[in-house]
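# Structural overview for review
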Amino acid sequence: MSSPESSARPARSDARRNREKLIAVARRAFAAADGTVALEAIAREAGVGIGTLYRHFPTREALVESVYAAELDDVTAGAPALLAEFPPEVALRAWMDRYAAFVETKRGMGDLLRASVASGRIATPATRRRLTAAIGSILERGAQAGTLRADVDAEDVVLMVLGVFLATADRDAERIGRLLDLVVDAVRPKLAE
C-alpha cells in the first residue's frame, strides 16, 4: 500500500510538467500573436484541459506574468554560456540579440504586461537589476580581456539598450541591429589619439 506522500509526489511532478508545457506553449503563442491569444487553444496545444490551465494560472495575467518570468530567466541566465562560447565583446552583442528576441516576443502580451507593471506584480527595478547583473558580468570579463572599457557602468549600458527598444517602436529589425552595434562600439576601449 502506498503512503499519502508517495501518491502525492507523482501528482506534483505531473502538475509541474503540465505547468511547464503550458508556459512553453504560451510562450510560442504569445510570440506569434499580434492580438489576443485564446487560452483554450493554449490548453489544447499543451494537451491539457482548460481547468488545468486555470488551476495553474487563474487569470490571463497570471499566465502572461509566468511567461515573462520564464523568458527573463532565460535571457539573464544566458550571459555565462555566451561568455564561454564567445569573446566578451561578441558575447555582449549576442546577449543583446537575445534581449531583442525577448522584447519582440512581448508584442502579443503588451497590454497585460503594462498592466502588471503598473500594478506592481512585475517589478521593473528587479528586472533592471537582473539585466544589469547579466551585462555587468560580460563587461567585467571584457575589461579583464581589454576588449571592453573598464570605466563603463553596466546600468548605463542597460539604459542605452532599453532606449534602443523604446525608440524603435516600429520594430525595424535592421535599425535595431545598427543601434545595438553602436552600443557595443560605445563600450569598446577608446583608440589612442
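Residues numbered from 1 in each chain as written. Predicted model: local features only at pLDDT ≥ 70, side-chain atom pairs only at ≥ 80, totals over all residues. Heavy atoms only, no water.

## A closer look at the overall build of the protein
- When helices and strands are tallied, the protein shows 10 helices and zero strands.
- Reading the secondary structure of the protein in the N-to-C direction produces α-α-α-α-α-α-α-α-α-α.
- The proportion of buried residues among the 193 residues of the protein is 40%.
- Sequence separation of at least 24 residues holds for 67% of the intrachain contacts in the protein that already meet a minimum separation of 6.
- Taken as a whole, the protein presents about 10,900 Å² of accessible surface, with 54% of it coming from carbon and sulfur. (Helix = DSSP H or I, 4+ residues; strand = E, 2+ residues; numbered from the N terminus. Buried < 20%, exposed > 50% of the residue type's maximum accessible area, 1.4 Å probe, protein only. Contact = heavy atoms within 4.5 Å. Areas by Shrake-Rupley, 256 points an atom, 1.4 Å probe, with all protein chains shown as cover.)

## Brief notes about the packing of helix 9 (residues 154-167) against helix 10 (residues 173-186)
- Where helix 9 meets helix 10, the axes come as close as 10 Å, and the angle between the chain directions of the two elements is 165°. Viewed along their axes, helix 9 and helix 10 adopt a mutual orientation that is roughly antiparallel. In the crossing of helix 9 with helix 10, the sense of the turn from one axis to the other is right-handed. Packed against helix 9, whose contacting residues are Val157, Met160, Val161, Val164 and Phe165, the element helix 10 presents Ile176, Leu179, Leu180 and Val183 at the interface.
- Partitioning the contact of helix 9 with helix 10 into residue classes produces nine nonpolar, no polar and no charged. (Axes fitted to C-alpha atoms, helices over the stretch in contact; angles between N-to-C directions. Parallel < 35°, antiparallel > 145°, perpendicular 65-115°, else oblique. Left-handed = near helix turned anticlockwise from the far one by under 90°. Nonpolar A, V, L, I, M, F, W, Y, C, P; charged D, E, K, R; others polar.)

## Some words on the nonpolar core
- Counting 33 residues, the largest nonpolar core has Leu92, Trp95, Met96, Tyr99, Leu139 and Val157 as its most contacted members.
- Residue assignment for this core shows that the elements contributing at least two residues are helix 4 (60-77), helix 5 (79-85), helix 6 (88-104), helix 8 (124-145), helix 9 and helix 10.
- Sorting elements by how many residues they give to this core places helix 6 first, with eight residues.
- The contacts of Tyr99, once residues within four sequence positions are left out, are Val75, Leu131, Val161, Leu162 and Phe165.
- Core analysis: the second largest hydrophobic core is formed by 19 residues, Val25, Val48, Phe57 and Ala70 among them. (Core = buried A, V, L, I, M, F, W, Y, C linked by side-chain atoms within 4.5 Å.)

## Thoughts on the environment of Leu39
- Take Leu39: it is sitting in helix 2 (residues 39-46).
- Judged by its relative accessible area of 4%, Leu39 falls in the buried class.
- Separated by 24 residues in the primary sequence, Leu39 and Leu63 have C-alpha atoms spaced 9.3 Å apart.
- In this structure Leu39 touches Ile50, Leu53, Tyr54, Arg60 and Leu63, once residues within four positions along its chain are discounted.

## A few points about the UniProt feature "DNA-binding region" (unreviewed entry) in the protein
- Under the present numbering, the feature "DNA-binding region" (unreviewed entry) in UniProt falls on residues 38-57.
- Across residues 38-57, helical content stands at 75% and strand content at 0%; the span's end C-alpha atoms are separated by 14 Å. (UniProt positions renumbered as here; feature names shortened; annotations may be inferred.)

## Quick notes on the pattern of salt bridges
- The full count for this structure, using the stated rule, is 10 salt bridges.
- Between Asp74 and Arg27 there is a salt bridge, with its nearest N and O atoms 2.5 Å apart. Here Asp74 is found in helix 4, whereas its partner Arg27 is found in helix 1 (residues 4-32), with 47 residues between them in sequence.
- Three or more residues joined by partner-sharing salt bridges are found here, namely Arg27, Glu71 and Asp74. (Salt bridge = Lys/Arg side-chain N within 4 Å of Asp/Glu carboxyl O.)

## Considering the packing of aromatic side chains
- Counted according to the given criterion, the structure contains four aromatic pairs.
- Arranged with centres 5.6 Å apart and planes meeting at 50°, the rings of Tyr68 and Phe102 form a pair that is tilted. Placement of Tyr68 in helix 4 and of Phe102 in helix 6 is noted, with a sequence separation of 34 residues between them. For the pair Tyr68 and Phe102, a shared accessibility class is recorded, and that class is buried.
- Here the aromatic rings of Tyr99 and Phe165 are separated by 5.5 Å at their centres, their planes lie at 65°, and the arrangement is edge-to-face. In this pair, Tyr99 sits in helix 6 while Phe165 sits in helix 9, placing the two residues 66 residues apart along the sequence.
- We classify Phe165 as buried; its relative accessible area is 13%. (Phe/Tyr/Trp six-rings, centres within 6.5 Å; stacked < 30°, edge-to-face > 60°.)

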